[in-house]
Amino acid sequence: MAHREGIGHASSWGYACFLTVNATSVWGGIFPFLPLEFQTIEVTLTFFLAQAVALGGAFVASMWGSYYFPHGARRMMVSLSAILLFLGSACLIAAMYVAPAALVLVAAGGVLLGIGCAGMFMLWQRYFASLPPRAGNFRLIVGTAIAPFIYFALYLVPIALTAFLVPLVFVPLCGLCVALSVREMRFDQPMFEDVPRQHPRVYRQAVADYWRSALCVGSLAFAGGVIRGVALLHEEISAVVNGASMIGALLSAAVLLVLWYRISFRFGLTSVFRVVYPVMITGFLLLPFQGPVYLNLFAAFTYMVFSLVQMLMMMQCAQISRDRGINPVFIYGFFGGVAYIMQSGGFLLGWSSGLVAPAGSQWLFLISMVSSYVLGLTLLVATGTLFRAVAARGTVTANPIEFTALAPQVRGAGDTATVPAPPKRRRNRPSASEDAGAIRDRISKQCLLLQQSHGLSLRETEVMELIARGNSMAAIAERLVISENTVRTHAKHIYTKLDIHKRQELLDMLHQLDA
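Conventions adopted
Every chain is numbered on its own, with residues counted from 1 as its sequence reads. Two thresholds apply to this predicted model, a pLDDT of at least 70 for residue-level local features and 80 or more for giving and counting side-chain atom pairs, whereas whole-chain, interface and lining totals are computed over all residues. Side-chain numbers here rest on the full set of heavy atoms in the structure, without hydrogens or water. Here a strand is any run of E in DSSP of at least two residues, a helix any run of H or I of at least four, and the numbering for each starts at the N terminus. Only protein chains enter the calculation, and the probe is 1.4 Å; a residue is then buried if its accessible area is under 20% of its type maximum, exposed if over 50%, and partly exposed in between. For this analysis, residues touch if any pair of their heavy atoms sits within 4.5 Å. Areas reported as accessible are Shrake-Rupley estimates using a 1.4 Å probe. Residue values count occlusion only from the protein chains shown. By definition, a salt bridge exists where a carboxyl oxygen of Asp or Glu is found within 4 Å of a side-chain nitrogen of Lys or Arg. pLDDT expresses, on a scale from 0 to 100, how confident the predictor is about each individual residue. Stacked, edge-to-face and tilted labels apply to pairs of Phe, Tyr and Trp rings (six-membered ring for Trp) whose centres lie within 6.5 Å, assigned for plane angles under 30 degrees, over 60, and everything in between, in that order.

A. Focus on the overall build of the protein. The number of helices and strands found in the protein is 18 helices and two strands. The buried share of the protein, reckoned over its 515 residues, is 57%. Considering only residue pairs separated by 6 or more positions, the protein has 81% of its internal contacts joining residues 24 or more positions apart. Carbon and sulfur atoms make up 66% of the accessible area of the protein, which totals about 21600 Å².

Here you go:
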């Protein structure tokens, strides 16, 4: 039922409107809708540099602000994000009519749009993280799938009107949908505690556990930034990457929805990086030896990958927020800061390489060498072969994104007691405790059976096992490096899904599995 509501929910359409605003402003999508004579190298470079610094800086500032001044940071995001988007778009429009101050207005527009888009991203992140995993992920995916249709529809509107539609229609519509959506948010969850400094160990552990995942996202963002820098010097590529970014978002969302409807699965950002790494590094190594057609195709693929990773990054951060009771803005600001700062570095490389080595295809050799080095170094770090991977105390797994099949499971009348077999697990997987993370004995096997039959998350299964073993709330919090309030929230969700009310009923339920 949740997936049906998500298709027409205000949040899905509001997020789609925001992605359209983002695509038509942050990385230059708006320029196809502005007069070509306005799009000089000075104008586009000024805008991109101002926007890139502001976007990455806003994520870092939000991460620290949400930790030290959570109430003030939240109030600023809620009150200023839409206003800054409107003012940034207005500055770009004004730059077309006030030629003497064009560069100043473009720079101001870049800064305002960068900060405004970062703030709006984090507002939506707070909303999606506050929902149950199934509803939050589904609405996020649907919104991502709708956005390309809105974006490409803008090409049907006369250019003279399109630039005005962004600040006058889409930004207010996005703000309205945010206001309608947040009314259903539950602020009594641990992730929305206004005093994260009371749990510094929890936040330090989260950063320690996920910096490798953030680096994987940043490495792919770096590749996307390189392509954007190249596109600035070659107009024919610019049109390709803008469209490819939105097509990639549509394809990614469609594939995820189809898979999710039929099967249950889970994965993390590091796994995604490992899958796309061979294709990405091969693409960069071949770049100097191929022609412009290959360059266009590879640019399109790179931005399609980044569109997928951008969506998955939000899901991963939401999962971390729910499982660990982490402020959603903090963890998303951490991931976003790493990603967009590295994207800015990639952009500078792609743009400057053509100026450093303009003769022939030498500039492509520079791009190929540096990009391949960054991707390869990231793979070494992420897999733990450069810096030894330390078993993270606090997780059974790295809190992967979890998808439980949307299609209802049909069972016969005599199959109601049948429980599917638990998936095979590696016994050497890092564990939060000596008791959890693998089938070690009867209790761990029973807990995994309940996970499969009642749709518990990995973190909920871990907490359930520790409860079944007689651990107190304080002991579980200490072992998992989360707050006691977060443990109680997980316990409440577990008891709700199992339709029980106390530990003894849980023990009885586990014992019945042996009957």
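On we go.
B. Layout of the pattern of salt bridges. Counted under the stated rule, the structure contains nine salt bridges. A salt bridge links Arg 139 to Glu 184, with the shortest nitrogen-to-oxygen separation between them at 3.0 Å. Taken as a pair, Arg 139 in helix H6 (residues 133-153) and Glu 184 in the loop between helix H7 (159-181) and helix H8 (200-233) lie far apart in primary sequence, 45 residues in all. On the accessibility criterion, Arg 139 (5% relative accessible area) is buried. Residue Arg 186 pairs with Asp 188 through a salt bridge whose shortest N-O separation is 3.2 Å. Overall, Arg 186 belongs to the partly exposed group, its relative accessible area being 39%. Residue Asp 188 is classed as exposed on the basis of its relative accessible area of 55%.

C. Highlighting the confidence of the model for the protein. For the protein, the average pLDDT comes to 82, and 83% of its residues sit at 70 or higher. Low pLDDT, under 50, characterises residues 389-397; the stretch is placed with 37 contacts to residues that sit more than four places away or in other chains. Across residues 409-437 the pLDDT falls below 50, and counting only partners more than four positions away or on other chains, this stretch makes 54 contacts in the model.

D. Representation of the packing of aromatic side chains. Counted according to the given criterion, the structure contains 34 aromatic pairs. Look at Tyr 15 and Trp 124: their rings are 5.9 Å apart centre to centre, the planes differ by 70°, and that puts the pair in the edge-to-face class. Residue Tyr 15 is found in helix H2 (residues 10-23), and its partner Trp 124 is found in helix H5 (residues 102-130); the two are separated by 109 residues along the sequence. With relative accessibility at 3%, the residue Tyr 15 sits in the buried group. Relative to Phe 403, the ring of Phe 267 has its centre 5.9 Å away and its plane inclined at 15°; by these criteria the two rings are stacked. A residue pair is termed long-range when its members are at least 10 positions apart, and Phe 267 in strand E1 (residues 265-267) and Phe 403 in strand E2 (residues 401-403) qualify at 136 residues. The exposure classification of Phe 267 matches that of Phe 403, with both residues buried.

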